[in-house]
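The primary structure of each chain is shown beneath.
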Amino acid sequence: MRKLSFEFNTRIDFSNPVKEHSFLLRCIPMSLPQQRLLRFRLNAEPLETMGSFSTDSFGNSTYSGRIGAEHTSFSYGITGILERDDSCFIPKQPAPFYRYPSFLTHPSAELITFANEISHMSTDLETAGAIADAVFGHFEYVPGSTSTATTAAQAFSLKKGVCQDYAHVFITVARLLNIPARYVCGLPLGDGSSHAWAEIWHDGRWYGFDPTRDRTADEGYIKLSVGRDFNDCSIERGHFLGACQQHQTSFMKVMEQ
Amino acid sequence: MDDLLIHKEEINMQMARYGVKFGIYKNGTFKERLFPYDPIPRVISSSDFSLLERGLAQRVDALNMFLTDIYSDKKIIKDNVVPAEFVYRSPGYLAQCEGFTPPKSIYSHISGIDLVLGKDQTWYILEDNLRVPSGASYPLIARSLSRRCSPETFRRNDVMDNRNYGNMLKEVMDNVNTGGINVIFTPGRYNAAYFEHSYLAEQSSAVLAEASDLFVENDYLYYRGNHGTVRVGAIYRRISDEYLDPLCFYPDSLIGIPNLMEAYRAGNVAIINAPGNGVADDKGIYYFVPKIIRYYLDEEPILMNAPTFLPFYEEDMKYTLSNITRLVIKDVAEAGGYGVVFGSELTEEQLDNLKEKIKAEPRRFISQEVIDFQDLPVIDGKTTVMRKADLRAFVLSGSNTRVWPSGLTRFSRNPNSFVVNSSQGGGFKDTWIMFQ
């Protein structure tokens, strides 16, 4: 068991005023037996009304709101303390949609060949380790080489990408090998920016793999949101009126208590 | 009835004047054209209609139960009636709709079920349309114009009035309304069915709104009107699921309402039809509908499917490959008459290609026997010609499931074509349901 304190702040600056800004945040850590949220404080500004909290189809906590008046920046942040304990879990079946391709994880012929070259180990857990190794070996980490709309197939043939692309390729390959897999957005121990990794389902529970760093995602990883791919669980989605450039700055820090 | 025939041009002119148009995208550009009206009505006897009523209500009720189950307990998959493959690989399946059941468990409030009448006098279901089926306004306005041109015709013939569609639609919206006004949400005038959106709003006393008139705040949907902002309790949206909410589906949708899905999932607004229905009107799921009816209702289907084969099953694959020249092959991912191929029209080489495609992706195709359906007379200049026609019946699920006593009869322009989809040219007729 590990007790972690976390802090995550994002600020978006607009070059011209925007209005009618609707947002949907998934920055509140998930509440799970393995991840008990002890306390948190969420802030967002500007705000005009309370906004609303909810849970989506993937089990993520969401916070949504709307800013009608003109504004030139939007920031949100969360701080808190939680307990991570991977030995706590309630065995259950994964949602069936984690077995099938999603919008960003449709396999290409290239990816199918790649998947077929992964050697099957005695358990899915070991096979997943082999997938993480292969994905790590295939990619060169190049910030800015892909966008949030890049599919697994596109990133794979580019051989370059960021954590999102590593995770998408990992998920695509795992599903091709009949291992249920999902995408995770979250905060790993340390500081910098938010991260993405993947989980596979094995023997009643989810196991985390971080193919970008070629390691498992252990109790030092805080899960903010999960989904079939990035589109299901991005930390922030927004829609507003106004023609402008956006500049985003983000900072996160996770420390062991 | 001759009286009505004389008025063909007049009615078509009236419709042009009222803007009864049908928009179509051809080679990437939007073209609006008139949807030609043929004055000879399709006549359905009251005994035939009562069979259709029972059969269609049964089918739509079962499909609503199927959707409720798919997005919650998934019993039908666990009981091995419908393979998981066909649900989760369907482009119409939306994981974002999991774990929430819409008001009164109604997913498909307005269903457009396409049928044909075989030469054997049997009605066959061709396709279910449970997303945003369009077309009810055409026979509706044609009827009211013909009544005006030729009131005598309707005094002499014992035809059921179809002008209650607006009331039926209103009842459907009121039934699930969670508090607030009813709105018909249109993507705007560049949509194929814009005429229909405005006409139905008028007929059902709902407000016609575009994305800029609507917004979500604190999980409620609001309409910004000339007289202030009011809450919306039911939204009959005429845009497809993917564009509905840019924060939930396609992020670049400019015609959606941000956070509409949040309001919906909070139970504060009914979306008509519910998002996610595409999983039940998928051409692959079509094969399973008779099984779905038996499973949920424990009844025998009253109306038959066209004989259909799923190459997904080995036996059906064999049958499809060896009888391909007399079958029609449909790509399950396509709609609107696209992706439909008649084996008889293909060259040897094309047939071989198709067979390879089916073998490579069996899940993607269904094959069907070509139904020899009845031709209907259509006026062509001064003579009458025979054309293939289908019927889109409108089934409305409110506090009861009811079939609108009319329907859209579409006929093909081309004498040899079996494809009667309005996206593919052709025209329409009024559909008369008789009291006798």
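The following refers to the structure shown. Quick caveat: nothing in here was measured; it's all calculated off a predicted structure.

Conventions and cut-offs
- Residues numbered from 1 in each chain as written.
- Chains lettered and ligands numbered in written order.
- Predicted model: local features only at pLDDT ≥ 70, side-chain atom pairs only at ≥ 80, totals over all residues.
- Heavy atoms only, no water.
- Phe/Tyr/Trp six-rings, centres within 6.5 Å; stacked < 30°, edge-to-face > 60°.
- Lys NZ or Arg CZ within 6 Å of the ring centre and 35° of its normal.
- Pairing = 2+ DSSP bridges.
- Helix = DSSP H or I, 4+ residues; strand = E, 2+ residues; numbered from the N terminus.
- Axes fitted to C-alpha atoms, helices over the stretch in contact; angles between N-to-C directions.
- Parallel < 35°, antiparallel > 145°, perpendicular 65-115°, else oblique.
- Contact = heavy atoms within 4.5 Å.
- Nonpolar A, V, L, I, M, F, W, Y, C, P; charged D, E, K, R; others polar.
- Buried < 20%, exposed > 50% of the residue type's maximum accessible area, 1.4 Å probe, protein only.
- Arc of directions from axis to C-beta.

### Quick word on the packing of aromatic side chains
Stage number 1. Under the definition given, this model contains 40 aromatic pairs over all chains.
Stage number 2. A network of ring pairs unites the aromatic residues Phe8(A), Phe23(A), Phe53(A), Tyr63(A), Phe74(A) and Tyr76(A) as a single cluster.
Stage number 3. Positioned above the aromatic ring of Phe215(B) is the side chain of Arg66(A), whose terminal nitrogen or guanidinium carbon lies 4.1 Å from the ring centre.
Stage number 4. Directly above the ring of Phe89(A) sits Arg205(A), whose terminal nitrogen or CZ lies 5.2 Å from the centroid.

### A closer look at the sheet that holds strand 10 (residues 195-202) of chain A
All names here are of chain A.
Stage number 1. The sheet built from five strands is open, its strands ordered 12-11-10-8-13 with antiparallel pairing. The sheet is open, and its two borders are formed by strand 12 (215-217) and strand 13 (221-227), each paired with just one other strand. In this sheet, adjacent strand axes meet at a mean angle of 40° when their direction is disregarded.
Stage number 2. Where strand 10 and strand 11 (residues 205-210) come together, five bridges link them in antiparallel fashion. What sits directly across from Trp201, in strand 11, is Trp206.

### Some words on the packing of helix 13 (residues 314-322) of chain B against helix 14 (residues 348-360) of chain B
Residue and element names in this part refer to chain B.
Stage number 1. Relative to each other, helix 13 and helix 14 sit at 175°, their axes nearing to 11 Å. When the interaxial angle is binned, helix 13 and helix 14 end up roughly antiparallel. On the side of helix 13, the interface is formed by Met317, Thr320 and Leu321, while helix 14 contributes Lys355, Ile358 and Lys359.
Stage number 2. Grouping the amino acids of the contact of helix 13 with helix 14 by side-chain chemistry returns three nonpolar, one polar and two charged.

### Focus on helix 12 (residues 289-297) of chain B
Residue and element names in this part refer to chain B.
Stage number 1. Among the residues making up helix 12, those that are buried are Val289, Pro290, Ile292, Ile293 and Tyr296. Projected onto a plane normal to the axis of helix 12, the buried residues spread over an arc of 160° and lie on a single side.
Stage number 2. For helix 12, the secondary structure elements touched by its buried residues are helix 3 (46-70), helix 4 (75-78), strand 5 (123-129), helix 11 (283-286) and strand 12 (304-305).
Stage number 3. Backbone geometry just downstream of helix 12 places Asp298 in the positive-phi region, at approximately 55°.

### As for unusual backbone geometry
Trans is the prevailing form of peptide bonds, just as negative phi is the prevailing case for residues other than glycine.
Stage number 1. A cis amide bond links Glu45(A) to the next residue, Pro46(A), at an omega of 0°.
Stage number 2. Inspection of the secondary structure assignment puts Pro46(A) in the loop between strand 2 (35-45) and strand 3 (52-55).
Stage number 3. Residue Asn273(B) is reached from Ile272(B) by a cis peptide bond, and omega for that bond is -15°.
Stage number 4. In this structure, Gln121(B) takes a positive phi of about 65° despite not being glycine.
Stage number 5. By relative accessible area, which is 53% here, Gln121(B) ends up exposed.
Stage number 6. For Asn259(B), which is not glycine, the phi torsion reads 70° and is therefore positive.
Stage number 7. Structurally, Asn259(B) can be placed in the loop between strand 10 (228-237) and helix 10 (260-265).
Stage number 8. When its relative accessible area of 3% is taken as the criterion, Asn259(B) is described as buried.

Read these as spatial facts, not as claims about activity.
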